[in-house]
Every structure is written in C-alpha cells, then in structure tokens.
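# Survey of secondary and tertiary structure
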Amino acid sequence: MRKILIVGGGTAGWMSAALFGKLFQGLYDIELVESEAIGTIGVGEATIPAIKKYNELVQLDEAEFMRRTQGTFKLGIQFVDWLKPGKDYIHGFGVIGQDWEWLRCHHYWLRANQRGRVRDFADYSINTAAALKNKFMHARADLAESPIGHIAHAFHFDASLYAKYLRGLAEQHGVKRTEGKIVDVALTATGDIAAVTVEGGQRIDADFFIDCSGFRGLLIEQTLKTGYDDWSQWLPCDRAIAVPCARTSPLLPYTRSTAREPGWQWRIPLQHRTGNGLVYSSKHIDDDAAEALLLANLDGAPLATPNRLRFTSGKRRKMWNRNCVALGLAGGFLEPLESTSIHLVQSAAIRLVRLFPDALDDQATIDEFNRQSDFEWERVRDFVALHYWANQRPGALWDYCRTMELPATLQRKIDLWRSNGRIFREDEELFSEESWIQVFLGQGITPRAYDPLVGIKSDPQIEQFLGNIAATIDRCVEVMPDHEAYIKTFCPAESTA
Ligand SMILES: Cc1cc2nc3c(=O)[nH]c(=O)nc-3n(C[C@H](O)[C@H](O)[C@H](O)COP(=O)(O)OP(=O)(O)OC[C@H]3O[C@@H](n4cnc5c(N)ncnc54)[C@H](O)[C@@H]3O)c2cc1C
C-alpha cells in the first residue's frame, strides 16, 4: 500500500485530503483529482458540534477558519411550523438542565409539567435560551459548575470557501492536486480499481481509492456497481433548490428550518450573506412552483440564480467495496434537516483512519467499517424521519408522513419514550438523549408517564431544583455577549461588499 487517490475536490474530498495528509504524511503518497469544469455541489453550510473533533485533528485555528469561511456560530436548529403552523421549537446542542441523583433532568420536568408547575423545557437549555436572545460565547472550561461551562457550538460557513481553506491545509501536508476530468477507470484482473485516466490521457495509478465524486459515485457505483439502499419511503423529499440572499440583521446563532406544504426551507446566516434552500417532494410540487415558493420567502434580495438539485435519500449498500471507500455524497444522502452530511464525511474519514488496512484483502476490516457505517446512517435516518412522522400539519405530504410505517429501530425508540419518557443512546449513535427528547417534545410526542423513581423527591423539591436551573440560565444569558458583536471581535471576515 503506497498510494491513495482521492477522486473529487468538494467538501468531502478536501476534508479527507486535509485529514489524511495530516495523519499519514510520510507514510503514503496522497493525490486528489478534481475537475473545475464539473465543479462542486456548492451547498452544505451548517454543521453540528462534533465538527470540532475534526478541527482538532487537523489542528485548524478556529478564529482563522471562521474568518476565511465567513463563518458564524451555531447553537442549534429552530424548527418553525414543523409540529403545526404557528408552533416552533429549538433543538439546542449540549446538555439540558442537570442530572439529579441517577435520573435525567427531563423526568423531573415531566413530573412538574403534569402538575402545570414548570417553565418551557427550552428554558433549561443554555444553548436554546442564548439562541433566542441572539447571544453567544465560547464555553468557559474554568466554569464547569456553571451552564456557561457547557455551551456547545457548531458553525455555519460558506461551502466553497471551506473547501478552498481545507485545500490549503491539505497541500501544506503534501497532498498533490491534479486538475482534470476523469474519463476512464481501469480495473485489475481481480476487479479492483487500478487507475483513472483524465481528459488528455494522463493515467493515475493508485492502491487505494477514496470516492468523493458526489452524487454520481464515479468509482463506487458507476464502476463497481455497489448498489443503493433507497430510503425515500421514510424521507420522501427528493429535490432541493438553493439560493443565497443578502444578509440581514441580527445575525442569528442558529439554523432555521421552516416547514412548508411540499417540504421545508432552510436559512443559514453567514457574515457576508444568508444561505437558503427549499427541500421538497417532487410528487407534491413541480420545480418552477418550488422555486417561486422559495424566492417568495427570502429575507433579502437573491444574490445568484437558484441552483436545482435532485437526490434520492439513502446510502450505498457498502460504503467500502474492494479497494474503494465512498465518502460524502458518493456514499449516500440524508437531507440536511439536522445538518448531518458533513458530519458523516468526518466520521467516515476518522473511521477509515481507525481501520486503515495494511493489505487490500482484509475482508474482516472492510466488514467492520461497513457495519459501523450502516449503524450510524440508519440512526441518523431514524432521527430525521421522526421530524416528518410526528407532525400535525395539513397537506398531502404531511398526511403521508404521519401514517407511514416506520423503521423498526425508530418505532422501538418511540414506544419506549411514549411509555415513560425513557431514551437511551445506543453504542456510538450520533444524537444524544437530549437531542431526541427535544425533538419528541417539540413534535408533540409526550410520554404517558415519567420514571417512577422521580418519587424520591417531593414536588416542592423538584420545583425548587428546576427553578434554580432556569434562574441560573437566565442570569448567564443576560451576561453573554451579542452573537454579532462576538464575531466582530473574535473572527471578523473581510467584507465582500
Ligand atoms: C440541498 C443540500 C443541502 C445540504 N446542506 C447541508 C448542510 O447544511 N450541512 C451538511 O452537513 N451537509 C449538507 N449537505 C451535504 C453537503 O453538501 C455534502 O455532504 C458536501 O458538500 C460534500 O459533497 P461532496 O464533496 O461529496 O460532493 P461535491 O461537492 O459534488 O464534489 C464532487 C467532486 O467530485 C468531482 N468530480 C466528479 N466527477 C468527476 C470526474 N469525472 N472527474 C474529476 N472530478 C470529478 C467534482 O469536480 C467535485 O470536485 C447538503 C446537500 C444538499 C444536496
């Protein structure tokens, strides 16, 4: 094993190149081939807090990265009209309240809520409370006892600037970039990938291939015919239109997702513009009407021609097939409702580092990589599908979702939650108990009961406990700086006006 070839220079390609370049420098030759003529998808601008692990691994400086990508901070996602028109909630990152004895905070909240003696669940999350007031600051490690020690943040950034920034890092670590459109893929006698040929005739041989070629899956599908698990029965949206618009103030520290009749609309605030898009089901609206719907619901003037995209929710049957691993859109697609795609690139790239083969016929390693990938993707699929299923909205798409048969893994979680508010994070599944609880409650799925062991505390004790948490959070948010002011001090990007 001497040479790794990364095919594609979108977010997935350059994220892997920067990571492998950093960790494998001197061990392998790494080359990336991309085609400016084909270009990148140009969307994918909202992340989740786990991206900080990637940033640490590639040792990027957060302030510089934010400046270079016109970044803003993200404390969570606001879901507007998802339960029904007029109702909204925030899925805030990080912890909610605090455990007491051996019980999670939400059990006490459920008890107090039944008695009508409690504030909104959101008031027990520092992230949500700060988001609603447009406040932001980094968590303070020296204040571990305070909610300020537990602020969990992610980022919004400009996707094309992000790929450019990572390219710089990857090249510093010795990754070689080749410009060119791949027109042929050669196989070995046993059916592995041997080489690619770019327009003009240059042949690039390698031992191991990372397919980051986007939806087309140039190696994993077009060449190796790996197959695709179609999940559109649970995630029926199959189109998107993206368009940036002029930014408005204030600069919100969260992504907004607004449910619409044929799907939903995203809003991602950046320093120089706002990213917007409509994800929709082509069975419920045609493309022209969808574009009109999106353009009618922008906060500012559109800055580019809308970009129309088609997809099928699902994933490759094997993310690793022969001597090829698919990352990013080449591996599959789950719609960006919970901003998970960039995370799935990162976690697959890290998984590959942990399972990097010393020989190419190590089937046990390949099987383990695929097993872990399947588990991760299926749990994310379940979490996203929950938002659709648990709705009380009018409209044909929403009627379908409310009555669809769910994956058994999701149904089991719902049943357990409904019975007495219990939820367990399985193995290394991405979303925490707090995430599931916020979406369950936000989407109107309230448990029949709570953990009976709540009875170890009296009602006045519970009310005092919850009251103290909410009051402390109020005081913390009060002293936190304004999000926009914080950005101006910490990571102001160059003006693009
Ligand atoms: C509507 C939408 C919204 C999204 N929003 C989010 C979000 O908010 N958060 C999030 O985490 N993710 C989001 N995503 C996903 C995110 O955009 C992708 O995960 C991410 O951009 C990775 O894309 P990629 O690099 O796999 O593909 P691409 O950006 O498509 O890159 C493919 C690369 O392959 C190259 N290539 C292809 N064919 C050839 C060839 N023949 N020869 C040479 N080079 C070739 C191209 O030139 C390009 O460099 C969203 C996706 C969509 C569709």
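Residues numbered from 1 in each chain as written. Predicted model: local features only at pLDDT ≥ 70, side-chain atom pairs only at ≥ 80, totals over all residues.

## Remarks on the overall build of the protein
- The helix and strand tally for the protein stands at 14 helices and 21 strands.
- In terms of overall dimensions, the protein is globule-like: its C-alpha atoms have a radius of gyration of 23 Å, near the 23 Å expected for 497 residues.
- Taken along its principal axes, the extent of the C-alpha atoms in the protein is 75 × 50 × 50 Å.
- Looking at the protein as a whole, 48% of its 497 residues are labelled buried.
- When contacts within the protein are restricted to residue pairs at least 6 apart in sequence, those whose partners lie at least 24 apart make up 76%. (Helix = DSSP H or I, 4+ residues; strand = E, 2+ residues; numbered from the N terminus. Rg over C-alpha atoms; globule rule 2.2 N^0.38 Å. Buried ≥ 20, exposed ≤ 12 C-beta atoms within 10 Å, placed from the backbone. Contact = placed C-beta atoms within 7 Å.)

## Examining the site of the ligand
- Every one of the 39 residues lining the ligand counts as a neighbour, but Gly8, Gly10, Gly44, Gly214 and Gly328 are closest to it.
- Listed by contribution, the elements that provide at least two residues to the shell around the ligand are helix H1 (11–24), strand E2 (29–34), strand E13 (239–245) and helix H8 (341–354).
- A breakdown of the residues in the shell around the ligand according to their chemical character gives 19 nonpolar, 16 polar and 4 charged. (Near = placed C-beta within 6 Å. Nonpolar A, V, L, I, M, F, W, Y, C, P; charged D, E, K, R; others polar.)

## Some details on H8
- The first and last C-alpha atoms of H8 sit 20 Å apart over 14 residues, in line with the 20 Å expected at 1.5 Å per residue.
- The complete set of buried residues in H8 reads Ser341, Ile342, His343, Leu344, Val345, Gln346, Ser347, Ala348, Ala349, Arg351 and Leu352.
- Each element contacted by the buried residues of H8 is listed here: H1, helix H2 (51–57), strand E20 (324–326) and helix H9 (363–389). (Expected span 1.5 Å × (residues − 1).)

## Some points on the pairing of E13
- The buried fraction of E13 amounts to 5 of the 7 residues, a majority that puts the element mostly inside the structure.
- Bridging between E13 and strand E16 (residues 274–280) involves 7 bridges; their strand directions are antiparallel. Among the inter-strand pairings, Arg239 is bridged to a residue of E16, identified as Tyr280.
- Two elements, E13 and strand E17 (residues 307–310), share 4 bridges in a ladder whose sense is antiparallel. Counterpart to Ala240 in the pairing with E17 is Leu309. (Pairing = 2+ DSSP bridges.)

## Describing the domain arrangement of the protein
- Partitioning the protein into structural domains gives domain 1 (3–45 + 158–229 + 313–361) and domain 2 (93–151 + 379–483).
- On a C-alpha basis, the centroid separation for the pair domain 1 and domain 2 is 37 Å.
- Listed per partner, the contact involves 6 residues of domain 1 and 6 residues of domain 2.
- Here the residues of the side of domain 1 that touches domain 2 sort into 2 nonpolar, 2 polar and 2 charged. (Domains from an automatic or database assignment.)

## Examining the nonpolar core
- One finds Ile6, Val7, Ala17, Trp109, Leu166, Phe209 and Leu327 to be the most contacted residues of the largest nonpolar core, which totals 141 residues.
- Residue-level mapping places this core at the junction of two domains, with at least three residues from each of domain 1 (3–45 + 158–229 + 313–361) and domain 2 (93–151 + 379–483). (Core = buried A, V, L, I, M, F, W, Y, C linked by C-beta atoms within 7 Å.)

## Regarding unusual backbone geometry
- That bond from Ser249 to Pro250 is cis: its omega, -5 degrees, falls within 30 degrees of zero.
- For Pro250, the location among the structural elements is in the loop between E13 and strand E14 (255–260).
- If you check the backbone angles, Gln59 has positive phi at about 55 degrees while not being a glycine.
- Looking at where Gln59 falls in the secondary structure, it is placed in the loop between H2 and helix H3 (62–68).
- Positive phi outside glycine occurs at Asp427, with the angle close to 40 degrees.
- Of note, Asp427 is situated in the loop between helix H11 (408–420) and helix H12 (433–442).
- For Asp427, a count of 8 C-beta atoms within 10 Å gives the class exposed.

## Quick look at the packing of helix H4 (residues 105–114) against helix H13 (residues 459–479)
- Direction vectors running N to C along H4 and H13 enclose 115 degrees, while the axes themselves pass 10 Å from each other. Between H4 and H13 lies a crossing whose hand is left-handed. Residue-level contacts link Tyr108, Trp109, Arg111 and Ala112 of H4 to Ile462, Glu463, Phe465 and Leu466 of H13.
- Residue classes in the contact of H4 with H13 are distributed as 6 nonpolar, no polar and 2 charged. (Axes fitted to C-alpha atoms, helices over the stretch in contact; angles between N-to-C directions. Left-handed = near helix turned anticlockwise from the far one by under 90°.)

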